[in-house]
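A structural walkthrough
Given next are the chains, with one letter for each unit.
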Amino acid sequence: MAAESGKIARSNDRGSPRRTTSARSARQRPVDPQAAVAVESARALQAWFNTPGNARALPWRDRPAGERDAYVVLVAEAMLQQTQVSRIADRLPKFLARFPTVSRLAAASQDDVLAEWSGLGYYRRARNLHAAARMVVDSHGGELPNDVESLRSLPGVGRYTAGAIASLAFDKHEPIVDGNVARVLLRLHGKKAASDDRAAQAWLWEQSTNLVRAAKRPGVVNEAIMELGATVCLPAPAAPRCERCPLASLCVARAQGTTARIPTVKSRSARKALYASTLLVRRRDGALLVEQRPGGGMWSCMWQAVTVERHDRHATAHELSVETGTRIAADTPDERFIHRTTHRDVHFEVWTGVPGRAKSPRPRRGEWVDPRRLSELALSNAQRRILFRDAGLFHELGPLSPRPR
Ligand code: ADE
């Protein structure tokens, strides 16, 4: 911490804008320079967020941060993990229209919840959300708890989400750290570390705690720093919009010209490969052959065109034909593409199968579905790409892969 303070002092010495609270008397000023930065930052963030035109108008921002419906915060945060805000803008209201309360979500079937989540990817979030709603009904009388310990006992609710709910719904002085917040804090203090580095994480939670404790409106300050990270303090290779940043005068990375190198990049382990051979079979009446994946593992319980997976190579056309009991129309696949998930590169080959002669031949695997019903099924983005294209329903296909915010 002392080293960080030293950097701040040096940057100020070099003539960059000052970090101290010059307008206030020395007696009012907090003694600890870190605490002073927290107080100044919290004030600047709150003023910035409350100034019209700075924060985006998002569907869950209809009520001030600190006074929101905790269920709405829970659903929004579940959707926002891994998915861009722009994609949530219409999906969140749609989800809430279908499941308007925690008890309505708890009472729904998993298939219905997954179908409503379809296309957003990372389906574990939807399963956890559903399980969390059931736990809220069973163990908390249908009301989301307001303390972080109880919140963290809910499936899928980690430290960040618990802090977000406690602050955005109940205006509690609870910290939050996600990728956006981490970037702002690392740059603000000029700390050269990767956002997800273990040691840096402890430091980040400490900084976020200092910030939120210094806040008059903890919900607003937490949402402001999230928003700043998402819209102003942009990650490389984009240039941060420092000229629009309320923390610019306090920012060590800006003073030192190191914003492009903070956060540092942690090397990632290679994703594993999976080889998926998908068979598209369309019956004369237009029905498509689909099957439900088993529970557990990737895309658990979701629907797909009949698919054979291998870890070392693709199944040959012959193997695919034998395993599915279906004749294959051509010697080569119709399409090849790679679908990337967090942990895997899934190499798809898409084949066309020839349905039997009878009107309703009993397939060895899967069942026939009317293509107009596809949008009711929980489908991964990869399977949407395959099935919707074949069904000629391209117009119903939203943007494919959700990208991080
Ligand atoms: N408001 C609530 N959660 C948010 C998030 N994750 N990013 C931006 N603004 C938010």
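Residues numbered from 1 in each chain as written. Predicted model: local features only at pLDDT ≥ 70, side-chain atom pairs only at ≥ 80, totals over all residues. Heavy atoms only, no water.

1. Some details on the overall build of the protein
Across its full length, the protein holds 15 helices and 8 strands. For the protein, the proportion of contacts with a sequence separation of at least 24, taken over those separated by at least 6, is 68%. Of the roughly 19500 Å² of accessible surface on the protein, a fraction of 50% belongs to carbon and sulfur atoms. (Helix = DSSP H or I, 4+ residues; strand = E, 2+ residues; numbered from the N terminus. Contact = heavy atoms within 4.5 Å. Areas by Shrake-Rupley, 256 points an atom, 1.4 Å probe, with all protein chains shown as cover.)

2. Here's the deal with the site of the ligand
Near the ligand there are 10 residues, and of these Trp-60, Arg-61, Glu-77, Glu-223 and Met-226 occur at the shortest range. In the environment of the ligand, a nitrogen atom lies 3.1 Å from a nitrogen or oxygen atom belonging to the side chain of Trp-60. In this structure, a nitrogen atom belonging to the ligand sits 3.3 Å away from a side-chain N or O atom of Tyr-160. Within the residue set of the shell around the ligand, elements represented by two or more residues are helix H3 (70-80), helix H9 (159-170) and helix H12 (218-231). For the shell around the ligand, the element with the most residues is H12, which contributes 3 residues. A breakdown of the residues in the shell around the ligand according to their chemical character gives 5 nonpolar, no polar and 5 charged. (Near = heavy atom within 4 Å. Polar contact = N/O pair within 3.5 Å; in protein donor to acceptor, adjacent residues only side chain to side chain. Nonpolar A, V, L, I, M, F, W, Y, C, P; charged D, E, K, R; others polar.)

3. Section: the pairing of strand S6 (residues 335-340)
Because side chains alternate across S6, one face comprises the buried residues Glu-335, Phe-337 and His-339, and the other comprises Arg-336, Ile-338 and Arg-340, none of which is buried. Across 6 bridges, the pairing between S6 and strand S7 (residues 344-354) is antiparallel. Bridging across to S7, Phe-337 finds its partner in Phe-348. The antiparallel pairing of S6 with S7 creates a hairpin that spans 3 residues between the two strands. (Buried < 20%, exposed > 50% of the residue type's maximum accessible area, 1.4 Å probe, protein only. Pairing = 2+ DSSP bridges.)

4. Things to note about the packing of aromatic side chains
The full count for this structure, using the stated rule, is 4 aromatic pairs. One aromatic cluster in this structure is built from Phe-95, Phe-99 and Trp-117. We note Arg-159 situated over the ring of Trp-205; from NZ or CZ to the ring centre the distance is 3.9 Å. The side chain of Arg-384 reaches across the aromatic face of Phe-388, ending 5.8 Å from its centre. (Phe/Tyr/Trp six-rings, centres within 6.5 Å; stacked < 30°, edge-to-face > 60°. Lys NZ or Arg CZ within 6 Å of the ring centre and 35° of its normal.)

5. Here we look at the pattern of salt bridges
If you walk through the whole model with that rule in mind, you get 22 salt bridges. Taking the shortest distance from any N to any O, the salt bridge between Glu-319 and Arg-310 comes out at 3.7 Å. Owing to a relative accessible area of 22%, Glu-319 belongs among the partly exposed residues under this scheme. Salt bridges sharing partners connect three or more residues here, namely Arg-56, Arg-61, Arg-68, Glu-223 and Glu-227. (Salt bridge = Lys/Arg side-chain N within 4 Å of Asp/Glu carboxyl O.)

6. What about helix H4 (residues 85-98)?
Across its 14 residues, H4 extends 20 Å between first and last C-alpha, which sits within 8% of the 20 Å expected from 1.5 Å per residue. Turning to H4, its buried residues number three or more, namely Val-85, Arg-87, Ile-88, Arg-91, Leu-92, Phe-95 and Leu-96. On the buried face of H4, the contacting elements are H3, helix H5 (102-107), helix H6 (110-117) and helix H7 (124-139). (Expected span 1.5 Å × (residues − 1).)

7. What to know about the confidence of the model for the protein
The share of residues in the protein with pLDDT of 70 or more is 86%, and the mean pLDDT across the chain is 86. Here residues 1-26 is modelled with pLDDT under 50, and outside its nearest four sequence neighbours on either side it reaches 43 contacts, counting other chains as well. Between residues 392-405, whose pLDDT stays under 50, and residues either more than four places distant or in other chains, the model counts 39 contacts. (pLDDT = per-residue confidence, 0-100.)

8. As for the packing of helix H10 (residues 179-189) against helix H11 (residues 198-213)
Two elements in contact, H10 and H11, have axes whose closest approach is 10 Å; the angle formed by their N-to-C orientations is 85°. Between H10 and H11, the crossing angle belongs to the class labelled roughly perpendicular. Note on element contacts: H11 touches H10 through Trp-203, Leu-204, Gln-207 and Ser-208, opposite Ala-182, Leu-185, Leu-186 and His-189. Tallied by class, residues from the contact of H10 with H11 come to 5 nonpolar, 3 polar and no charged. (Axes fitted to C-alpha atoms, helices over the stretch in contact; angles between N-to-C directions. Parallel < 35°, antiparallel > 145°, perpendicular 65-115°, else oblique.)

9. So, the nonpolar core
Formed by 104 residues in total, the largest nonpolar core has its most connected members in Trp-60, Tyr-71, Phe-95, Trp-117, Leu-144 and Leu-247. Sorting elements by how many residues they give to this core places H3 first, with 10 residues. In this structure, Trp-60 is in contact with Arg-68, Val-72, Ala-76, Leu-80, Val-85, Ile-88, Leu-92 and Glu-223, ignoring residues within four places of it in sequence. Membership of the second largest hydrophobic core comes to 11 residues, among which are Leu-289, Val-306, Leu-320 and Trp-351. (Core = buried A, V, L, I, M, F, W, Y, C linked by side-chain atoms within 4.5 Å.)

10. Quick notes on the sheet that holds strand S2 (residues 288-292)
The strand order across the open sheet built from 3 strands is S3-S2-S8, with neighbouring strands paired in antiparallel fashion. Both outer strands of the open sheet, strand S3 (303-305) and strand S8 (367-369), are each paired with one neighbouring strand and no more. Strand-to-strand twist in this sheet, taken as the mean axis angle between neighbours without regard to direction, amounts to 50°. Examined bridge by bridge, S2 and S8 share 3 bridges and lie antiparallel to one another. Bridge assignment links Val-290 to a residue of S8, and that residue is Glu-367.

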